[in-house]
Amino acid sequence: MTSAAPRPLGVAVVGFGWMGRVHAQSYARVTHHFPDLGVRPELVVVADEVPGRAEAAAAQYGFASAVQDWHEVLTEPRVEAVSVTAPNFFHREIGAAVAAAGKHLWIEKPVGVGAADATAVRDAVGSAGVRAAVGFNYRWAPAVQEARARIAAGAIGEVEGVRIRLLSDYAADPAGALSWRYSRERGGAGVLGDLASHGVDLARYLVGEINAVVADTAVFIPRRAVPSAATSGHQRVVLGESTAMGDVENEDAVTALLRFASGARGVLEASRVAVGEQNTYGFEVAGNHGVLRWDFRRMGELSVSGGRAGDGSVLYQDAPTQTLFVGPGHGDHAAFQPGAAIAMGYDDLKVVEAARFLRAVADPALPAERGPATLDDAVASARALDAMSRSVTSGAWEPLA
Ligand SMILES: NC(=O)c1ccc[n+]([C@@H]2O[C@H](COP(=O)([O-])OP(=O)(O)OC[C@H]3O[C@@H](n4cnc5c(N)ncnc54)[C@H](O)[C@@H]3O)[C@@H](O)[C@H]2O)c1
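What to know about the side chain of His333
Right, on to step 1. Relative to the assigned elements, His333 resides in the loop between β16 (321-325) and α9 (346-362).
Right, on to step 2. Apart from the residues within four sequence positions on either side, His333 is in contact with Pro142, Val326, Gly327, Pro328, Gly339, Ile342 and Met344.

Considering the nonpolar core
Right, on to step 1. Membership of the largest hydrophobic core comes to 88 residues, with the highest contact counts inside it found for Phe63, Phe283, Val285, Trp294 and Met388.
Right, on to step 2. Lining this core are residues from two domains, each supplying at least three of them: domain 1 (7-134) and domain 2 (145-342 + 374-399).
Right, on to step 3. Beyond its immediate chain neighbours, meaning those up to four positions away, Phe283 contacts Val144, Ala147, Arg163, Ile164, Arg165, Leu202, Leu206, Leu292, Arg293 and Trp294.
Right, on to step 4. In terms of nonpolar packing, the next biggest core, distinct from the first, is built from 33 residues, Ala86, Val134, Leu375 and Val379 among them.

A word on the side chain of Glu251
Right, on to step 1. Relative to the elements of secondary structure, Glu251 occurs in the loop between β10 (245-247) and β11 (253-260).
Right, on to step 2. Overall, the relative accessible area of 10% leaves Glu251 in the buried class.
Right, on to step 3. Apart from residues lying up to four places away in sequence, Glu251 is in contact with Arg184, Ala189, Gly190, Val191, Leu192, Thr217, Ala218, Val219 and Arg272.

Points about the environment of Val73
Right, on to step 1. Structurally, the position occupied by Val73 is in helix α3 (residues 71-74).
Right, on to step 2. Residue Val73 is classed as buried on the basis of its relative accessible area of 0%.
Right, on to step 3. Between the alpha carbons of Val73 and Glu353 there is a distance of 22 Å; along the sequence they are 280 residues apart.
Right, on to step 4. Excluding residues within four positions of it along the chain, Val73 makes contact with Ala12, Val14, Val45, Ala47, Val67, Val79, Val82 and Lys103.

Here's the deal with unusual backbone geometry
Right, on to step 1. Cis geometry is found at the peptide bond from Lys109 to Pro110, where omega equals 5°.
Right, on to step 2. On the secondary structure map, Pro110 appears in the loop between β5 (104-107) and α5 (115-128).
Right, on to step 3. Of note, the phi angle at Val111 is positive, near 60°, even though the residue is not glycine.
Right, on to step 4. With respect to the secondary-structure elements, Val111 resides in the loop between β5 and α5.
Right, on to step 5. Here Val111 falls in the buried class, since its relative accessible area comes to 1%.

A closer look at the packing of aromatic side chains
Right, on to step 1. In this structure the tally under the stated criterion is 15 aromatic pairs.
Right, on to step 2. Between Phe16 and Tyr61, the aromatic rings sit 5.3 Å apart at their centres with planes inclined by 65°, giving edge-to-face as the arrangement. You can see Phe16 sitting in the loop between β1 (7-14) and α1 (18-33) and its partner Tyr61 sitting in helix α2 (residues 53-61), a full 45 residues away along the chain.
Right, on to step 3. The side chain of Arg148 reaches across the aromatic face of Tyr205, ending 4.0 Å from its centre.

Cut-off values and rules
Counting from 1, residues in each chain are numbered in the order their sequence is written. For a predicted model such as this one, the threshold for reporting local features is a pLDDT of at least 70, and the threshold for listing and counting side-chain atom pairs is 80 or more; totals across whole chains, interfaces and linings nevertheless cover every residue. Side-chain numbers come from the whole structure's heavy atoms, not from hydrogens or water. By definition, any uninterrupted DSSP run of H or I lasting at least four residues is a helix, any uninterrupted run of E lasting at least two residues is a strand, and each is numbered from the N terminus. Pairs of residues are marked as contacts when any of their non-hydrogen atoms sit within 4.5 Å. Put simply, buried Ala, Val, Leu, Ile, Met, Phe, Trp, Tyr and Cys residues joined by side-chain atoms within 4.5 Å make one nonpolar core. Each residue is assigned to one of three classes by its accessible area relative to the maximum for its type, calculated with a 1.4 Å probe on protein chains only: buried under 20%, partly exposed between the two thresholds, exposed over 50%. Note: domain ranges come from an automatic or database domain assignment. Any two of the Phe, Tyr and Trp rings considered here, Trp counted by its six-membered ring, make a pair once their centres fall within 6.5 Å; the pair's planes then place it as stacked at under 30 degrees, edge-to-face at over 60, or tilted in between. We call a charge positioned above a ring when the Lys NZ or Arg CZ atom is no farther than 6 Å from the ring centre and deviates by at most 35 degrees from the ring normal.

Dropping the structure here:
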């Protein structure tokens, strides 16, 4: 706990779609929940290439200025930290330039369109000696934090099986606009970078490094309507509004088997075209003494199975299942709510992420365990995804380089 007044820290946001808004809101809220960061963010400048979008953001959120060209953010001396929330294909160029300008970097996942991009940004950050955070926000759910602590403490014994799913219907409607997300050059490997990147991060965070993968992918909706105007987020257009159709160049769905360094085995499934599934993100981690289950849609609940008989022996069969409602003793729940089972939301995870980023900026000696997800995590996630893509071509298990 620092007693001195927090130092103002000028921040900028590049790309003001969904994630740009969430980063700006996180900067605005973070000291409400974490007053001991040592710094207090000030919204200095917002950049977006769509005419008028940055100005509207500045008027609504209180940025001091708005620009269309992100390069102008880097020459603004009051800016010490930059959020990169532009589409994937800009991550490498903008992320590396932010670091080279000596500014701290909070960048969205997947950090580019493949491991080469993530590595380039990591190297730029390393050379510049700035701090960086990556948007793997699902780690910060208190139930996920609790699951990680229990796994590390051996509560479920040796981990044997890991099942991870990230199923969404955001692209299930064939009338959905052909946005940057469906271009290989601009969106990378489709659902792999978009959703499976989070799954790989959760797998590594809970169970440790992945050694090898074998995967299958599919494009189920091969053509989509070219939008007639700028799109944002996961917007849809009505087919009749657009005359042209274009090719979907990247993956709608992936299923992968995972081998962990520990010997554990895993299954990861991700789809953006899963009708009936809305943010069905979750995992089961099964050990030889029990199993933990989590579903983002019930973010504050951790299902815990396992137990011991009266004589202390492990209940290998008929072990009971309990629901733990997370509360102030779990993760950062206490920074948001005073009691168990009072719900936190998605945006709160981003506030936790902002706090971890700013803590690392304020304290260069911060232990990694208290800091954000790093560019090393982004590189590791991207290597696993690249290995999945290689495996689809080779038809074989692919080691992670
Ligand atoms: N962590 C998460 O849970 C999560 C969720 C959604 C998106 N994301 C990631 O966040 C990033 C943005 O996704 P989104 O959903 O906010 O997309 P979006 O399409 O809603 O927003 C992107 C914004 O960037 C702007 N932009 C594009 N090129 C630009 C440039 N050269 N300079 C300035 N602005 C530019 C666009 O005009 C748009 O406003 C992606 O990398 C995505 O993978 C992460």
